[in-house]
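Fold and geometry: a report
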Amino acid sequence: MGKRWLGLLSAGLLAVGVLVPAAPAMAAPTFKVPFPCGQSWSGQTRSGHSPAYAVDFNRTNDLGDPVVASAPGTVDRVTDLGGTSYGKYVRINHGGGYSTYYAHLNGFNVSVGQTVGYGKVIGWVGSTGGSTGPHLHYEQRLNGADIQVRFNGALALYWGTKNYSSDNGCGSGAGSGTVNTSGTPLTVRSGPGTGYAAVGTVADGTRVTIQCQTSGTSVTGTYGTSTIWDRIGSGRFIADAYVHTGYDGYIPNVPRC
Ligand SMILES: [Zn+2]
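All residue numbers here refer to positions counted from 1 along the written sequence of the relevant chain. Note on the predicted model: pLDDT of at least 70 is required for a residue's local features to be given, and 80 or more for side-chain atom pairs to be given and counted; whole-chain, interface and lining totals, by contrast, use all residues. Just so you know, side-chain values use all the structure's heavy atoms and leave hydrogens and water out.

Thoughts on the overall build of the chain
On a plain count of helices and strands, the chain comes out with one helix and 22 strands. Exposure categories follow from relative accessible area, calculated using a 1.4 Å probe and restricted to protein chains: below 20% of the type maximum is buried, above 50% is exposed, and the middle band is partly exposed. Across the 257 residues that make up the chain, the buried fraction comes to 42%. Any two residues whose heavy atoms approach within 4.5 Å are treated as being in contact. Partitioning the contacts of the chain with sequence separation of at least 6, the portion at a separation of at least 24 is 61%. The accessible surface values rely on the Shrake-Rupley method and a 1.4 Å probe; as for residues, cover is taken only from the protein chains in view. Total accessible area on the chain is roughly 11,300 Å²; 52% of this is exposed by carbon and sulfur atoms. Secondary structure follows DSSP: runs of H or I at least 4 residues long count as helices, runs of E at least 2 residues long count as strands, and numbering of each begins at the N terminus.

A closer look at the coordination of the zinc ion
Water is not part of the atom set, so a site may look incomplete; the donors themselves are N, O and S atoms within 2.8 Å of the metal, or 3.2 Å for Na, K and Ca. Binding of the zinc ion to the protein goes through His49 (NE2), Asp56 (OD) and His137 (ND1), at separations of 2.1 Å. Every donor residue of the zinc ion comes from the same chain, spaced as H-x6-D-x80-H. Using a relative accessible area of 9% as the deciding quantity, one classes histidine 49 as buried. Residue class for aspartate 56 comes out buried when judged on its relative accessible area of 8%.

Details of the side chain of serine 166
Residue position: serine 166 is located in the loop between β14 (160–165) and β15 (175–179). Serine 166 gets classed as buried once you look at its relative accessible area, which sits at 4%. Setting aside chain neighbours within four positions, we find serine 166 in contact with Val33, Phe35, Pro36, Cys37, Gly38 and Gln39.

With respect to the state of the cysteines
Working definition: a disulfide is two cysteine sulfur atoms within 2.5 Å of each other. Per the stated rule, a full pass over the model turns up two disulfides. With its sulfur 2.0 Å from that of its partner, cysteine 37 forms a disulfide with cysteine 170. Across the S-S bond linking cysteine 37 and cysteine 170, the dihedral sits near 110 degrees, which makes this disulfide right-handed. One end of the pair, cysteine 37, is in the loop between α1 (4–16) and β1 (40–45); the other, cysteine 170, is in the loop between β14 and β15, with 133 residues separating them in the sequence. Overall, the relative accessible area of 40% leaves cysteine 37 in the partly exposed class. Taking relative accessible area as the criterion, cysteine 170 reaches 36% and is therefore assigned partly exposed. In this model, cysteine 212 is linked to cysteine 257 through a disulfide, with the two sulfur atoms separated by 2.0 Å. With the S-S dihedral at roughly 105 degrees, the linkage between cysteine 212 and cysteine 257 falls on the right-handed side. One end of the pair, cysteine 212, is in strand β19 (residues 212–221); the other, cysteine 257, is in the segment after β22 (243–244), with 45 residues separating them in the sequence.

Thoughts on the nonpolar core
Nonpolar side chains tend toward joint burial in soluble globular proteins. With 27 residues, the main nonpolar core has Phe57 and Tyr102 as its most contacted residues. Those elements giving two or more residues to this core turn out to be β2 (55–58), β5 (88–95), β6 (98–103) and β10 (136–142). Formed by eleven residues, the second largest nonpolar core is a distinct cluster that contains Val202, Ile210, Ile232 and Val254. For this analysis, a nonpolar core means a set of buried residues of the types Ala, Val, Leu, Ile, Met, Phe, Trp, Tyr and Cys, connected via side-chain atoms within 4.5 Å.

A few points about the sheet that holds strand β9 (residues 121–124)
Paired strands, in this sense, are two strands between which DSSP finds at least two bridges. Ordered by their spatial adjacency, three strands build an open sheet running β3-β9-β7, and the pairing between neighbours is antiparallel. Each edge of the sheet is formed by a strand with only one pairing partner; in this case those strands are β3 (66–68) and β7 (107–108).

Here we look at the packing of aromatic side chains
To pair, rings of Phe, Tyr and Trp, with the six-membered ring standing in for Trp, must have centres within 6.5 Å; the planes then decide the type, stacked if under 30 degrees apart, edge-to-face if over 60, and tilted in the middle. This structure, assessed with the given rule, holds 15 aromatic pairs. Each ring, one from tyrosine 53 and one from tryptophan 159, has its centre 6.1 Å from the other, and the planes form 20 degrees; the classification is stacked. Of this pair, tyrosine 53 sits in the loop between β1 and β2 while tryptophan 159 is found in the loop between β13 (154–155) and β14, placing the two residues 106 residues apart along the sequence. Residue tryptophan 159 is classed as partly exposed on the basis of its relative accessible area, which comes to 42%. Aromatic rings pair up to connect Phe35, Trp41, Phe57, Tyr102, Tyr138, Phe151 and Tyr164 into one cluster. Lying over the aromatic face of tyrosine 118, lysine 32 brings its terminal NZ or CZ to 5.7 Å of the ring centre. Counting as a charge over the ring demands two things of the Lys NZ or Arg CZ atom: a distance within 6 Å of the ring centre and an angle within 35 degrees of the ring normal. Its guanidinium or amino end placed over the ring of tyrosine 101, arginine 141 lies 4.4 Å from that ring's centre, counting from NZ or CZ.

Focus on the environment of glycine 129
You can see glycine 129 is positioned in the loop between β9 and β10. Classification of glycine 129 by relative accessible area gives buried; the value is 16%. Counting along the chain gives 41 residues from glycine 129 to lysine 88, while the straight-line C-alpha distance between them is 6.8 Å. Among all residues touching glycine 129, those that are not within four sequence positions of it are Gly82, Gly83, Thr84, Ser85, Tyr86 and Gly87.

Have a look at this one:
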C-alpha cells in the first residue's frame, strides 16, 4: 500500500471524529501494450473508428496470437455478441473507473470475476463479430467513456499507424515492501486470509520480498483497508494493508499468485 493512505485516514479521523475516510481519487493505472513482453505490433487509430479513440492492432500472421491484460484488474465481461459488433470480447475493470476492452477475439482464456495481472493471457486474436480480418480492437475507458489510449503514460498516436513495443509482464516478478505495524509483530498466515493458520510473525520495520500478490480477506491496517495479500515465502502470506510498497493496490509487474 502507499503512504498517502495514512495521511488521508488521519485527516478524515481528525475532521469528522469517526468514520469513513473519503475515497481518494485514483491515478490512472499504468497501461501496457496488450501483447506479451518483447512483441512489436502495429497500432492504428482513425477518426472514423467506433469508438473514436480505439486502437486496432495487427502484425503478420496474427490470427490466434495471445492477447494479454494491459494492467492488473478483474475481468468483468466475457461476452460473445456473435456475428456483430465486438464479437467475442473481454472487459477488465482496473478500479477507479478505468476499464479496457479487447474485441474480435478468437477465444477466451479467462472468466468473469477472475483477477488478472500484467502479462496474463486473456484470449487470442481473431476476427469475430463485425470484423473483416484478424486484428485486436482495443479500448481504454474512464467511467464508461472512451478515452485516448496511453501506454506507460505516453499517448498513442492520434491519428495514424505506429509500432508499439510491449514491455508487458517483462519484470523480474518480485517486489518489495516494509512492514509497518507501529510496533506489534505482523502475523504470517499459511494462505491469503485471516482464516488461515498463523505460521509465524515478522517484526515491525522488516523489509520483505514479495513474490506475488493475491486477493483474500479484507484487512484494515496502517495503510487503510485492502483485500490484497503478499506472499513472502512458500506458504507465507501477510496482509498488504500493513506493508508499505509505494503503491495503492497491486504492485506493477509483480504477478498474481
Ligand atoms: Zn476496431
